[in-house]
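# Reading the structure
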Amino acid sequence: MLKVVDTKKTPPLGRRFRTNDMEAVIGIMAILPVPGTINVFSSSFVIAEAECKIGAQ
């Protein structure tokens, strides 16, 4: 006879960094603006460099 184990009642293996899934989503949403901001600023420098080269010709 198979014994069914309820995974919600078993303790997690290792250390947990979040208490629930919504906390993980909020953490990701809090971190994503940083690379997005870096991406916007770097692309604006690339566009500005390209426009300066076009204007210098």
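Before reading on, note that the structure itself is shown above.
What comes next concerns the included structure. Everything numeric in this text was worked out from a predicted model, so none of it was measured.

Rules of the game
Residues numbered from 1 in each chain as written. Predicted model: local features only at pLDDT ≥ 70, side-chain atom pairs only at ≥ 80, totals over all residues. Heavy atoms only, no water. Helix = DSSP H or I, 4+ residues; strand = E, 2+ residues; numbered from the N terminus. Buried < 20%, exposed > 50% of the residue type's maximum accessible area, 1.4 Å probe, protein only. Areas by Shrake-Rupley, 256 points an atom, 1.4 Å probe, with all protein chains shown as cover. Salt bridge = Lys/Arg side-chain N within 4 Å of Asp/Glu carboxyl O. Patch = residues over 30% accessible without salt bridge, like charges linked within 9 Å, V, L, I, M, F, W, Y side chains within 5 Å.

## Quick word on the overall build of the protein chain
- The secondary structure content of the protein chain amounts to 2 helices and 0 strands.
- Here the protein chain holds 57 residues, and the buried ones make up 0% of them.
- For the protein chain, the computed accessible surface area is about 5900 Å², with 68% contributed by carbon and sulfur atoms.

## Observations regarding the pattern of salt bridges
- Under the counting rule described, the total for this entry stands at 1 salt bridge.
- Measuring nitrogen to oxygen at the nearest pair gives 3.6 Å for the salt bridge that ties Glu 49 to Lys 53. On the criterion of helical spacing, the pair formed by Glu 49 and Lys 53 is a turn pair, its members being 4 residues apart in helix H2 (residues 33-56).

## Looking at a nonpolar patch on the surface
- Taken together, the side chains of Met 22, Val 25, Ile 26 and Met 29 present a nonpolar region at the surface, about 420 Å² in accessible area.
- Turning to its location among the elements, Met 29 is positioned in helix H1 (residues 21-31).
- According to the relative accessible area criterion, Met 29 is exposed, its value standing at 57%.

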